[in-house]
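Single-letter residue listing:
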Amino acid sequence: DGRLTFYPGNQTVDLPFINYMKRYGTVFLNAYTNSPICCPSRAAMWSGLFTHLTESWNNFKGLDPDYVTWMDLMEKHGYHTQKYGKLDYTSGHHSVSNRVEAWTRDVDFLLRQEGRPMVNLTGDKKHVRVMEADWRNTDKAVNWIKEEAINLTQPFVLYLGLNLPHPYPSPYAGENFGSSTFLTSPYWLEKVTYEAIKIPKWSSLSEMHPVDYYSSYTKNCTGEFTKQEVRNIRAFYYAMCAETDAMLGEIISALRDTGLLKKTIVIFTADHGELAMEHRQFYKMSMYEGSSHVPLLVMGPGVKEQQQVPNVVSLVDIYPTMLDIARIPVPQNLSGYSLIPLLHGKAENEVSPRGPRPSWVLSEFHGCNVNSSMYMLRTGKWKYIAYSDGHSVLPQLFDLTADPDELTNVAIKFPVIVHSLDKTLRSIVNYPKVSSSVQEYNKRQFISWKQSLGQNYSNVIANLRWHQDWLKEPKKYENAIDKWL
């Protein structure tokens, strides 16, 4: 959650290396994902293109494997490149359940797709390496810096992708069957200030926006939660952020130990945030700040120190920034703009050849846990969220200055602003058309998947992640699918 990287969010947990980057570099106060879920977000970051252009509609559909990323271009221009850890930006990964949930979101049924979120404490006060796979990849990156990077005659670019601070996905069996787990050890939990944890306010279920209600329900969050449960989920999430911060620290230390830190630009960001029970949800797949606001910190040669940038920026800006750093000509068709002028502390009027950076960012989402395509425009103090065709689902408008917790939708109160923001949004993306093509895509994909299973279809669909709800009335849900088709 990007808000943890600056005041007041950063009061809840100790993140020493994030703070180190702030002291010796620049922190972006308003950085957003272009799609609040793993694969579509990463597709935007690696391509520099908005989600409706990559057509990365869900976690199963990303970029073509042979897509030319900024890293490929840097390699072509003489950079030595190295990748470790989670990449997750090409098509074809993630579970069948994930896919089918995304394809069937227009079906008239409501099924819980997640286990109820819970916490799990493991090990003792000496247990540091909880997320072992991430630590292994961090070790690989550290060794590469110490053994390879130091001897290179050409410049290098190193990418390290972590899973943390992602909740651990629902196990299919065992005592915690079906639960999505926030897992940490006492070592990391000690870094969290419990007193500083805010318990989010919730609207009543009947007052919720219909898309929010669908999300809460499918994420299994509409039941009763005690304050203590909510506080724990948030505390364990912050502890997982502290463990992530330590991995960043390993990289910074390796660069410092090899004398490379002074001549290396370090960028820290994320594909999406985590709601951690804000708005009665966990995970992401939402345009609320907890889910869509990402960290973005940069330090290194030429980057202004102790700078806080208020401009809205997003992950598509990484592509032109990387090319700018490498002095490679930036293609004209990109959705993003180089961050270099902002990082150098230059005024926005010193513009790129493409003209000034826009005063808005765009995020969109078309995947599972929402029953409508959604589009978010963030500009100035406003966050505008439009849905589907722009008519059948009412929009939301939040004034982030007056209402940072996004508890009051003021769309009806400010029709002129809604009209103006909607006009801007439509000038960037013909969103009713995109929504309708996503609906057609979902139906096509579902039909071909269903046909590929033949007679086995009912058995397979009944046993996906929603099986506990599905198996109560399988005929009813099959009929709803038939009606949709």
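Because the structure is a prediction, the values reported are computed rather than measured.

Parameters at a glance
- Position numbers for residues count from 1 along each chain, tracking the sequence in the order it is written.
- Per-residue local features are limited, in this predicted model, to residues with pLDDT of at least 70; the limit for side-chain atom pairs, both in listing and counting, is 80 or more; totals at the level of whole chains, interfaces and linings are taken over all residues.
- Calculated side-chain values reflect all of the structure's heavy atoms, with hydrogen atoms and water omitted.
- For helices the rule is a DSSP run of H or I covering at least 4 residues; for strands it is a run of E covering at least 2, with both sets numbered from the N terminus onward.
- Residue burial is assigned from relative accessible area. The probe radius is 1.4 Å, only protein chains are included, and a residue is buried under 20% of its type maximum, exposed over 50%, and partly exposed in between.
- In this tally Asp and Glu are treated as negative and Lys and Arg as positive; neither His nor the chain ends contributes.
- What counts as a salt bridge is simple: a side-chain nitrogen of Lys or Arg found within 4 Å of a carboxyl oxygen of Asp or Glu.
- The definition of a polar contact used here is a pair of N or O atoms within 3.5 Å, where within protein one atom must be able to donate a hydrogen and the other to accept one, and adjacent residues in sequence count solely through side-chain atom pairs.
- Two residues qualify as a contact provided that any one of their heavy atoms is within 4.5 Å of a heavy atom in the partner residue.
- For our purposes a nonpolar core is just a set of buried Ala, Val, Leu, Ile, Met, Phe, Trp, Tyr and Cys residues, chained together by side-chain atoms within 4.5 Å.
- Here, axes are lines fitted to C-alpha atoms. For helices the fit covers the stretch in contact, and angles between N-to-C directions go from 0 to 180 degrees.
- For this classification, under 35 degrees means roughly parallel, over 145 means roughly antiparallel, 65 to 115 means roughly perpendicular, and everything else is oblique.
- Note on residue categories: nonpolar means Ala, Val, Leu, Ile, Met, Phe, Trp, Tyr, Cys or Pro, charged means Asp, Glu, Lys or Arg, and polar means any other residue, Gly included.
- Should DSSP find at least two bridges between two strands, the strands are taken to pair.
- Multiplying 1.5 Å by the helix residue count minus one yields the expected span of that helix.

Caption draft 1: The arrangement of the side chain of glutamate 243 in detail. In this structure, glutamate 243 sits in helix α9 (residues 227-257). The buried charged residue glutamate 243 lacks any salt bridge partner; its closest oppositely charged side chain belongs to arginine 129, at an N-O distance of 7.6 Å. Separated by 2.9 Å, the side chain of glutamate 243 and the backbone nitrogen of methionine 131 make a polar contact. Of note is the side chain of glutamate 243, whose polar atom sits 2.8 Å from the side chain of tryptophan 135.

Caption draft 2: Summary view of the side chain of asparagine 10. Note that asparagine 10 resides in the segment before α1 (16-24). A residue is classified by how much of its surface remains accessible, and asparagine 10, at 17% relative accessible area, is buried. Every residue in contact with asparagine 10, bar those within four places of it in the chain, is listed here: Arg3, Leu4, Thr5, Asn19 and Lys22.

Caption draft 3: Quick look at the nonpolar core. Counting residues in hydrophobic clusters, the biggest one holds 77 residues, and the most contacted among them are Met21, Leu255 and Met374. Sort the elements by how many residues they give to this core and α9 lands first, with 17 residues. Sequence-distant contacts of methionine 21, defined by excluding residues within four places in its chain, comprise Thr26, Leu248, Ile252, Val266, Ile267, Phe268, Leu297, Val298 and Met299. Counting residues in hydrophobic clusters, the runner-up holds 41 residues, among them Ala44, Val429, Ile461 and Trp470.

Caption draft 4: Inspection of the packing of helix α6 (residues 132-147) against α9 at higher detail. Between α6 and α9, the shortest axis-to-axis distance is 9 Å and the interhelical angle comes to 10°. It follows from the interaxial angle that α6 and α9 lie roughly parallel. Every residue of α9 that contacts α6 at Asp134, Trp135, Thr138, Ala141, Val142, Ile145 and Lys146 is listed here: Glu243, Ala246, Met247, Glu250, Ile251, Ala254, Leu255 and Asp257. Classifying every residue of the contact of α6 with α9 gives nine nonpolar, one polar and five charged.

Caption draft 5: Examining the pairing of strand β5 (residues 181-184) more closely. Neither face of β5 is left uncovered, since the one carrying Thr181 and Leu183 and the one carrying Phe182 and Thr184 both have all their residues buried. Bridging between strand β3 (residues 118-121) and β5 involves four bridges; their strand directions are parallel. Its bridge partner being in β5, leucine 121 is matched across the sheet by threonine 184.

Caption draft 6: Broad picture of the environment of arginine 354. Relative to the helices and strands, arginine 354 resides in the loop between α12 (340-343) and β9 (360-365). Sequence separation between arginine 354 and alanine 462 is 108 residues; the distance between their C-alpha atoms is 51 Å. The residues contacting arginine 354, other than those within four sequence positions of it, are Gln332, Leu334, Gly336 and Tyr337.

Caption draft 7: Representation of helix α13 (residues 415-428) in the model. For α13, which comprises 14 residues, the first-to-last C-alpha distance of 20 Å matches the rise-based estimate of 20 Å (1.5 Å per residue) to within 8%. Among the structural elements, α3 (51-54), β9, β10 (374-379), β11 (382-387), β12 (396-399) and α14 (431-453) are those in contact with the buried residues of α13.

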